Amino acid sequence: MTERTIGKQPRQLYLLFFAEMWERFSFYGMKALLIAYMVTELKFDEPKSYGILGAYSALVYTMPMLGGMLADRFLGYRRAVIYGGILMTIGHLVLALPQEWSFFYGMAFIICGNGFFKPNISSLVGTLYEENDPRRDSGFSLFYMGINIGAALGGLLCGYVGQRINWHYGFGLAGIFMVLGLIVFAIGQKSLGHRGLPPNLTALKKRTAGITNEQLIYVASLLIIPVVVALFNRHEIMDYFMAVLGAVAITYVLWEAFRMEAAARNKLIAALFMIVFSILFWAFYEQNAGSLNLFAMRNVDMHVMGTELPALSVNNFLPPGWVVIMSFFFAWLWTWLAKRKMEPATPVKFGFAFVLMAIGFLVFYLACLNAESGLISLFAFAMGYMFIIAGELCLSPIGLSMVTKLSPVRMVAVMMGIWFFASAGGEFLAGKIGKMMSVPEAVQNNAVASLPYYATILKEIAIASAIAGALILLLSPLVKKW
Ligand code: GLN
């Protein structure tokens, strides 16, 4: 049977592209507001705000392990995406309510919803291709572009509405676009045919004590919400939670690896090595959603041609905006190098990712050294991000395809969950690094006085990132052999 295509890609890719684009619009639109909302509106102190942001972002990327597993075994990807979308919509709309209780509950719904939505829409992309279909990688790149178009628009619009008009309108706007993503998916999903349907519908519809197993999954997953809210209120428990889960994940992969024959084992260990390093990458990278939001508000000169741009829009538009622009360049670069048999191996790309990020943070730091007024130029800010995002493009999309290539088939879904869990670990550490950049209340509105709180740590991130990059490049021949 011949499939209908748009361009070279299966036409269903565009359904997933737009559904994910609007979902990421809402996800990043909301995240753009989070830290500034806590500090300026809820009047939480800064260390507490970074702790909550770290806990939220860590849980958001922990839940895909559970959501991916439930979809693989029971729900199928499509039902999981729809249910996740509904929970995320509820979460955004709850956040739009100007009530104190709504803050933690709104985030808890989004965390739970993202667990069902995010891994499974990515897995759906995978179902569009036969095992050796050469279009798979470019399909994933296009999908990654959709993610970032959504993120750029979300950051831009929600950042503006939240910062300049009303925080809750900003959250509400994010919710509206989540509904749009859900509608796109619900209407278009028929075109997916048999893909993403539940693996065993009879088992799913089986009734126990009056309710079907499917309903049981939905109800049981709602019980996670109060647990998450409790974790927010005692977020020091998160340290143990993340450490234990991390140890379990690493032990699990090693346990599986050592039961395999040498070739498969080495591949899995190589994947694990890169996943562990990616934790550090996200820990630095995710300053974007935390400390750099406040830095942009306090220490970046947002004046362009006589108008002052809203800092939250700028800070949250720049990274995904650079991804969209530079994706074209990197797609060209990798093919150009591949044609000349010079394409760097994955560990080398990971090493470059850290080196580029080090340069980006160095640009921020050097700009701070020259900012007598306490403000760095928008140009330097945008350039710093350009290097950081070049780093992202050497790691994030490459990591996704590495996971599908190096893991044995039966472990792909779990390994995808673990890949996202590395982001969770990184986000959690990002909150801790952010805390080190807390500015005392007395000088929060004084650019000259607040600048040093950022500059020192920005420099240390640059150094740490350069060391990590050098280490990976040094070890890369060994990892390549594995
Ligand atoms: N920005 C990408 C996305 O939203 C990658 C996120 C991550 O893995 N931490 O999908």
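An unreviewed UniProt entry lists the protein under the name Oligopeptide:H+ symporter, from Niabella yanshanensis. For the record of the protein, the UniProt heading Subcellular location (unreviewed entry) holds the text "Cell membrane".

What follows deals with the packing of helix H10 (residues 237–257) against helix H11 (residues 262–285). It is the contact of H10 with H11, at a shortest axis distance of 9 Å, that shows an interaxial angle of 165 degrees. The orientation of H10 with respect to H11, classified from their angle, is roughly antiparallel. Taken as a pair, H10 and H11 cross one another with a handedness that is left-handed. Residues Val253, Glu256 and Ala257 of H10 lie in contact with H11, whose contacting residues are Arg265, Leu268, Ile269 and Leu272. Residues belonging to the contact of H10 with H11 are distributed by class as follows: 5 nonpolar, no polar and 2 charged.

Further remarks concern the packing of helix H12 (residues 291–299) against helix H13 (residues 311–339). Between H12 and H13, whose axes approach to 8 Å, the crossing angle comes to 135 degrees. What the angle tells us is that H12 and H13 run oblique. For the crossing formed where H12 meets H13, the hand is right-handed. Contacts between H12 and H13 involve Leu292, Asn293, Ala296 and Met297 from the former and Ala311, Leu312, Val314 and Asn315 from the latter. Broken down by class, the residue content of the contact of H12 with H13 amounts to 6 nonpolar, 2 polar and no charged.

Criteria and thresholds
Residues numbered from 1 in each chain as written. Predicted model: local features only at pLDDT ≥ 70, side-chain atom pairs only at ≥ 80, totals over all residues. UniProt positions renumbered as here; feature names shortened; annotations may be inferred. Axes fitted to C-alpha atoms, helices over the stretch in contact; angles between N-to-C directions. Helix = DSSP H or I, 4+ residues; strand = E, 2+ residues; numbered from the N terminus. Parallel < 35°, antiparallel > 145°, perpendicular 65-115°, else oblique. Left-handed = near helix turned anticlockwise from the far one by under 90°. Contact = placed C-beta atoms within 7 Å. Nonpolar A, V, L, I, M, F, W, Y, C, P; charged D, E, K, R; others polar.

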